[in-house]
Amino acid sequence: MAVTDRSDGFHLETDIHAAIHDLTRRLAEQSQNVDKEPIIKVAQPEHVPYLREVGTPGVAHDVEKVLEEAFTAFDFRLRVNHPRFMGLIPSPTSPIAWLGDVVASAFNALGASKLQASGPVVIEKTLIGWLASRIGLPATAGGVCVSGGSMANLMGIVLARDQCVPHGEEQRAVAYLSDQTHYSVAKALRLLGFKSNRVRKLPSDVSFRMDVDELQQAIKYDRASGLVPFLVVGSCGTTNTGAVDPLKQIADVCKMEGMWLHVDGAYGASASLSATRRDVVNELQYADSLSWDAHKWLFQTYSCGLFIVKDKANMVKSFANEGDYLRDGTAFEDDDIPNFWNCTMELTRPASRAMKLWFTLRVVGTQRIGEMIDHGFKLAESAESELRGLQDWEILSPANLGVVTFRYAGRTTAAVDDQREQVHDAINSRISKELISSNVAGILTTKVKGKVALRICALSPDLALEDMAHIIREADRLGKEFSMKMMMNNRSEEKEDDEFSI
Ligand SMILES: Cc1ncc(COP(=O)(O)O)c(C=O)c1O
């Protein structure tokens, strides 16, 4: 069969080449230059019938027509790489990462074993070894690329259970988290069969860090009750406030108690590649295992997570398996070119996660990547300093690993003083909505110490510090406007604006 006579009916040179040529130009323009686009665009009820219609496969269509349909569908999305999107954890994707992803998906290599993708497997192993050494782990360290932090957290718990819970004691095994630990950890524990009465969510300290005294007391109490403490999950960059737990102290406790320390660094571990701020996360080196999302602060497309473990032999102990039809591949591996199917949950796994991350680091270089990460720190710090220069704003958590939370807390009328917190909750929610609808900034709300707060996690190297200052001033203007409106509404008999009258 000639290359061009494809079974799917397409002619490689005329149909596919033309489509790719046109597409790369459009994609580069539209998906990578997003700063003029709406930060968040949600499909409205009137759009749903069209989306349903095109969502139904049916007969064959022209590539051009279906590409248009795809562009329309993707238009209704939150632009996670928009420079002014500062909610959740943004993904300020580098166009180089995107290019790496395109190359990797074109080759569609199966990164599971030496037999299937020996080239990419060596790159993945080398890359992970290099990343592990950057965080100070020993030469025994290793890891695998995974879908993201949720999967890496689950794998950390599996290793902790297999290494630290004596056979037959699973029902009495207890895991320790803080009230700031990402919910994916509790979810993974539940999926692995740990009941909620075997999971301790310890109250964090005033800086939202795990309280080591609380941890020690809880472990002591549980041991005295005949339970089996086996795992502490520390955080390196909590999602809400960017807090980094005292990992060295926690590691000391774990060592003394024969427990495993898994660190959720899904967000914060990338700071270890920062050009000037690496110190903030240097206690990552004490982890037995850790999660690290390159699709957060390493500028990668989804999905690109890493699971790294201090002693890679432990991965194989938990995840190695056998299958008759894999016997040729199983016999065919060595330490330089491992079979990753023995190190992770997945059998079929894309080589693209490692390849695009490698591609980005190789093209952009570690110095520039480090400076791009530094910029995220500076954006949060400049937002904080701008806020501190204004009246009426309360900082609920200072700039920490690129996250700052704050709240408009200006004057309210005496009549509503006793409901001041509620009024401020409403004003801050309204500021967030207005910033989004006017496309000034994608700043979402969260709750900190029970109060509704605005939260900035701005990681885009393409957002200037002056733009951040402008956004804060706009938030201040809105806060004053809504506060004034609320006071007027409370004074007026009609009370027209329900949201702002008490
Ligand atoms: C601290 C932290 N851990 C874990 C996760 C889960 O990671 P993923 O969404 O990649 O599964 C997140 C997600 O945002 C996170 O912020």
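Per its UniProt entry, the protein bears the Sequence similarities (unreviewed entry) comment "Belongs to the group II decarboxylase family." Quoted verbatim from the Cofactor (unreviewed entry) heading of the UniProt record, the comment on the protein is "pyridoxal 5'-phosphate".

For the protein, the helix and strand inventory stands at 16 helices and 11 strands. Its C-alpha atoms give the protein a radius of gyration of 25 Å, near enough to 23 Å, the size a compact globule of 502 residues would have. Once local pairs closer than 6 in sequence are excluded, the contacts in the protein between residues at least 24 apart make up 73%. Across the protein, 55 positive and 67 negative side-chain charges occur, with their mean positions spaced 4 Å apart.

The ligand sits among 13 residues. The nearest are Gly149, Ser150, Thr239, Asp264 and Asp293. A distance of 2.9 Å separates an oxygen atom of the ligand from a polar atom in the backbone of Gly149. In this structure, Asp293 approaches the ligand through a side-chain N or O atom, which is 2.6 Å from an oxygen atom. When isolated, the ligand has an accessible area of 390 Å², and the protein chains bury 81% of it. Listed by contribution, the elements that provide at least two residues to the shell around the ligand are helix H6 (149-164) and helix H10 (294-297).

Here the focus is the sheet that holds strand E11 (residues 451-457). Strand order in the open sheet formed by 4 strands is E8-E9-E11-E10, with antiparallel pairing between adjacent strands. The open sheet has two free edges, formed respectively by strand E8 (393-400) and strand E10 (444-448), since each of these has just one partner strand. Each neighbouring strand pair of the sheet contributes to a mean axis angle of 30 degrees, computed without reference to strand direction. Bridge count between E10 and E11: 5 bridges; the pairing is antiparallel.

The subject of this paragraph is the packing of aromatic side chains. Using the criterion set out here, one finds 6 aromatic pairs in the structure. Both rings, one in Tyr267 and one in Trp297, keep their centres 5.2 Å apart while their planes meet at 15 degrees; by these two values the pair is stacked. Of the two residues, Tyr267 is situated in the loop between strand E5 (260-264) and strand E6 (289-293) and Trp297 in helix H10; the sequence distance between them amounts to 30 residues. You can call Trp297 buried: its relative accessible area is 0%. Of the aromatic side chains, those joined through ring pairs into one cluster are Tyr267, Trp297 and Phe377. Geometry around Phe71 places Arg26 over its ring, the cationic atom sitting 3.9 Å from the centre.

Time to look at the side chain of Thr301. Tracing the backbone through its elements, the reader meets Thr301 in the loop between H10 and strand E7 (305-309). Assessed through its relative accessible area of 13%, Thr301 is described here as buried. A polar contact is formed between the side chain of Thr301 and the side chain of Asp101, at a distance of 2.6 Å. A polar contact is formed between the side chain of Thr301 and the side chain of Lys356, at a distance of 3.0 Å. Setting aside its immediate chain neighbours within four residues, Thr301 contacts Thr93, Ala97, Trp98, Asp101, His295 and Lys356.

Our focus in this paragraph is the domain arrangement of the protein. What the domain assignment lists for the protein is domain 1 (12-101), domain 2 (140-320) and domain 3 (372-500). Put simply, the middle of domain 2 and the middle of domain 3, counted by C-alpha atoms, are 32 Å apart. Taken together, the contacts link 24 residues of domain 2 with 22 residues of domain 3. Overall, the association of domain 2 and domain 3 removes approximately 1700 Å² of surface from exposure, summing both partners, and the carbon and sulfur fraction of that is 63%. At the junction of domain 2 and domain 3, the tally comes to 9 residue pairs in polar contact (both at pLDDT 80 or more).

Here is what the cut-offs are and how they apply
- Residues numbered from 1 in each chain as written.
- Predicted model: local features only at pLDDT ≥ 70, side-chain atom pairs only at ≥ 80, totals over all residues.
- Heavy atoms only, no water.
- UniProt positions renumbered as here; feature names shortened; annotations may be inferred.
- Helix = DSSP H or I, 4+ residues; strand = E, 2+ residues; numbered from the N terminus.
- Rg over C-alpha atoms; globule rule 2.2 N^0.38 Å.
- Contact = heavy atoms within 4.5 Å.
- Lys, Arg positive; Asp, Glu negative; His and termini not counted.
- Charge placed at Lys NZ, Arg CZ, Asp CG, Glu CD.
- Near = heavy atom within 4 Å.
- Polar contact = N/O pair within 3.5 Å; in protein donor to acceptor, adjacent residues only side chain to side chain.
- Areas by Shrake-Rupley, 256 points an atom, 1.4 Å probe, with all protein chains shown as cover.
- Pairing = 2+ DSSP bridges.
- Axes fitted to C-alpha atoms, helices over the stretch in contact; angles between N-to-C directions.
- Phe/Tyr/Trp six-rings, centres within 6.5 Å; stacked < 30°, edge-to-face > 60°.
- Buried < 20%, exposed > 50% of the residue type's maximum accessible area, 1.4 Å probe, protein only.
- Lys NZ or Arg CZ within 6 Å of the ring centre and 35° of its normal.
- Domains from an automatic or database assignment.
- Buried area = accessible area lost by both parts, 1.4 Å probe.

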